[in-house]
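Here is how the chains run, residue by residue.
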There are 2 protein chains.
Amino acid sequence: MMSDRITLVEVGPRDGLQNEPKPVSTAIKVELVDRLTDAGLPVIEAGAFVSPKWVPQMAGSDEVFAGITRDPSVDYPALVPNLRGLEAAQRANLKTIAIFLSASETFSQRNINCSIAKSYERVQPVVAAAQEAGIAVRAYISCVIGCPYEGAIPTKAVAAVAEHLVGMGIRELSLGDTIGVGTPGTIRPMLKTVRSAVGDEITLAGHYHDTYGQALSNILASLEDGIRVFDSSVAGLGGCPYAPGAGGNVPTEDVVYMLSDMGFEFGVDLAKLVDIGHWICRVIDRSNGSRVTRAMLATRTEP
Amino acid sequence: MMSDRITLVEVGPRDGLQNEPKPVSTAIKVELVDRLTDAGLPVIEAGAFVSPKWVPQMAGSDEVFAGITRDPSVDYPALVPNLRGLEAAQRANLKTIAIFLSASETFSQRNINCSIAKSYERVQPVVAAAQEAGIAVRAYISCVIGCPYEGAIPTKAVAAVAEHLVGMGIRELSLGDTIGVGTPGTIRPMLKTVRSAVGDEITLAGHYHDTYGQALSNILASLEDGIRVFDSSVAGLGGCPYAPGAGGNVPTEDVVYMLSDMGFEFGVDLAKLVDIGHWICRVIDRSNGSRVTRAMLATRTEP
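Bear in mind the structure is a predicted one, so any value in this text is a computation, not a measurement.

Focus on the pattern of salt bridges
Residue and element names in this part refer to chain A. Tallied over the entire structure, the rule returns 22 salt bridges over all chains. We note a salt bridge from glutamate 45 to arginine 14, for which the minimum N-O separation is 2.9 Å. Residue glutamate 45 is found in the loop between strand S2 (43-44) and strand S3 (47-48), and its partner arginine 14 is found in helix H1 (residues 12-18); the two are separated by 31 residues along the sequence.

A look at the sheet that holds strand S9 (residues 172-177) of chain A
Residues and elements named next belong to chain A. A sheet is described by the order of its strands in space; here 9 strands give the open sequence S2-S1-S11-S10-S9-S6-S5-S4-S3, paired in parallel fashion. Two strands close off the open sheet at either side, each with one partner strand: S2 and S3. Contacting strand S5 (96-102) and strand S6 (136-142), helix H5 (residues 105-112) runs over the sheet at an angle of about 120° to S5. Against the sheet, helix H10 (residues 252-261) touches strand S1 (7-10) and strand S11 (229-232), its axis set at about 170° to S1.

A few points about helix H2 (residues 26-38) of chain B
All names here are of chain B. In a regular helix each residue adds 1.5 Å, so 13 residues correspond to 18 Å; H2 covers 18 Å between its end C-alpha atoms and thus fits that length. Every buried residue belonging to H2 is among Ile28, Lys29, Val30, Leu32, Val33, Leu36 and Thr37, and all of these are buried. Here the buried face of H2 lies against strand S1 (7-10), helix H1 (12-18), strand S2 (43-44), helix H3 (61-67) and helix H11 (270-283). Directly beyond the C-terminal end of H2, a positive phi value near 100° is found at glycine 40.

Some words on the packing of helix H9 (residues 215-224) of chain B against helix H10 (residues 252-261) of chain B
All names here are of chain B. Where H9 meets H10, the closest approach of the two axes is 11 Å, and the angle between their N-to-C directions is 45°. Classified by the interaxial angle, the pair formed by H9 and H10 is oblique. You can see that H9 and H10 cross each other, and the crossing is right-handed. Judged by residue contacts, Leu216, Ile219, Leu220 and Leu223 of H9 engage Asp254, Val255, Met258 and Leu259 from H10. Within the contact of H9 with H10, the residues separate by chemical class into 7 nonpolar, no polar and 1 charged.

As for the packing of helix H7 (residues 155-167) of chain A against helix H8 (residues 184-198) of chain A
Residues and elements named next belong to chain A. Following both chains from N to C, one finds H7 and H8 inclined at 35°, their axes separated by 9 Å at the closest point. By crossing handedness, the relation of H7 to H8 is classed as right-handed. Note on element contacts: H8 touches H7 through Pro189, Met190, Thr193, Val194, Ala197 and Val198, opposite Thr155, Lys156, Val158, Ala159, Ala162, Glu163 and Val166. Broken down by class, the residue content of the contact of H7 with H8 amounts to 9 nonpolar, 2 polar and 2 charged.

Here's the deal with the sheet that holds strand S10 (residues 203-208) of chain B
Residues and elements named next belong to chain B. The strand order across the open sheet built from 9 strands is S2-S1-S11-S10-S9-S6-S5-S4-S3, with neighbouring strands paired in parallel fashion. Two strands bound the open sheet, and with one partner strand each, they are S2 and strand S3 (47-48). Bridge count for S10 against strand S11 (residues 229-232) is 3 bridges, and the pairing is parallel. Bridge pairing in S11 links glycine 206 to phenylalanine 230.

Describing the environment of alanine 159 of chain A
Residue and element names in this part refer to chain A. Structurally, alanine 159 is set in helix H7. Note on alanine 159: relative accessible area 6%, which makes it buried. Sequence separation between alanine 159 and valine 144 is 15 residues; the distance between their C-alpha atoms is 9.2 Å. Excluding residues within four positions of it along the chain, alanine 159 makes contact with Thr193, Val194 and Ala197.

Focus on the nonpolar core
Judged by nonpolar contacts, the single largest core of 214 residues is most densely connected at Leu165 of chain A together with Leu165 of chain B. Residues contacting leucine 165 of chain B, with those up to four places away along its chain left out, are Ile99, Leu101, Val123, Ala139, Ile141, Ile170 and Leu173 of chain B.

Rules behind the numbers
Residues numbered from 1 in each chain as written. Chains lettered and ligands numbered in written order. Predicted model: local features only at pLDDT ≥ 70, side-chain atom pairs only at ≥ 80, totals over all residues. Heavy atoms only, no water. Salt bridge = Lys/Arg side-chain N within 4 Å of Asp/Glu carboxyl O. Helix = DSSP H or I, 4+ residues; strand = E, 2+ residues; numbered from the N terminus. Pairing = 2+ DSSP bridges. Contact = heavy atoms within 4.5 Å. Axes fitted to C-alpha atoms, helices over the stretch in contact; angles between N-to-C directions. Expected span 1.5 Å × (residues − 1). Buried < 20%, exposed > 50% of the residue type's maximum accessible area, 1.4 Å probe, protein only. Parallel < 35°, antiparallel > 145°, perpendicular 65-115°, else oblique. Left-handed = near helix turned anticlockwise from the far one by under 90°. Nonpolar A, V, L, I, M, F, W, Y, C, P; charged D, E, K, R; others polar. Core = buried A, V, L, I, M, F, W, Y, C linked by side-chain atoms within 4.5 Å.

Put into structure tokens, the structure is as follows:
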């Protein structure tokens, strides 16, 4: 029944490391991306062309893109906030860039320092120039379920942002439950409202944080609603707004474990992913967010 | 669509504490059960009438049952392995007892020291005597997906045990993914095979461990297959066969959070559950397995 192909967008090297307190060297970032390529991931968000003053974790993204060994079949997007970032992405020969907006007015103000309306104005020239240059644009919409400042976000607010972006010509929207409060009870109505607003031709991706442990359930519910693209992060890197171990992004390993067992095709090597997550967590001295990894490593080291 | 009632069977005081390394006093057990009653849980497995030589964690279950304040609308079962245990359950005026078998031949041998066939012989007189005394019997079947010794367990093996127990007159079967390896890809075929074998009149309960982080997804998939009874454990107490924090039983808090948000009725107070889990984890010096609790407590203590 559900045997068609899933695309995982690995966001560990960008969304993950950007939100980890400990910055890592360019060499480690290059090794991380290369190992993720080797594990078979089809899309690896590998950096961000943002000001290192604001986001020191993403400093040196140009060197990362220069240093990685690119598989021609793999897409390596970067987050790009402005035209200057787009120029850097062009110099790095990227096929895809990602832009970031929020469905929450307050989160937009506090996270990117402008209103939602103003964020449309900011991204519009970037999107137009990227299209002119033949570069695809993926848009993140954050706070699609809840906002740390506003609480519940109405599905209509998410659909309004989605419609606006589709109006600019964007074809893929990543819907982020940034604080991980969603359950199938809220994810499904949100997806339905957004789908109605943008139509069937637009790719919707699920970007679910695991803060409340609900991410895999939300992926399962989304699958049943026809979603086939999911963002995940090796070892659950990134986005820990709360206590250590409370979980940020959904761990790629846990998604691959579940969906492979359900018969979906990936071409992703779980054993390699487990090793990569174990390695990077030791490098940045972080607990591993993947339950699958913890269980598998415990079994491996048994006598 | 799915607005009917769910029954949660709280197994923390028994399946949970029985599998924790640190034994707790009778006074703490009584407090735990009383607080779970106060939180609104309809079924609380409160002890086991087993030999304290084999299971020191369950010593004093008679005192626990004597010490708790029973809500007449709540069921307080105990695990009972033999007629001697049943007599203790009768002295404690229990409405329900639980028995334990395995769908894995090797697990049965190693865990209860007899073959599956022999385990039928052992439980049969207990079940008959309980029925004679008007005491309901709930049967746990362990290793319904995988076994730590045998690997994957065929669905037919689970169905065979289920049929045998139903033949004895048992009306509720708790299907345990003891090592937590199941996903919706394996849980659903197992449920289908067991349902076909036992018919629609038998209550099937999902008892899913969270070792691989799949428990909530498995509950969601089971819901869609009509399951309405789930076992869970406050703070995820118990069943940590692997690394600390890898998770044992699915945390009651996380189940309540998901299913409440999906519109199911519980009558369970999530805030009280969070407090109970936080308290008992401090008492036994264990990390809290509930993501919901970790996220909620972090939010609570924010300025």
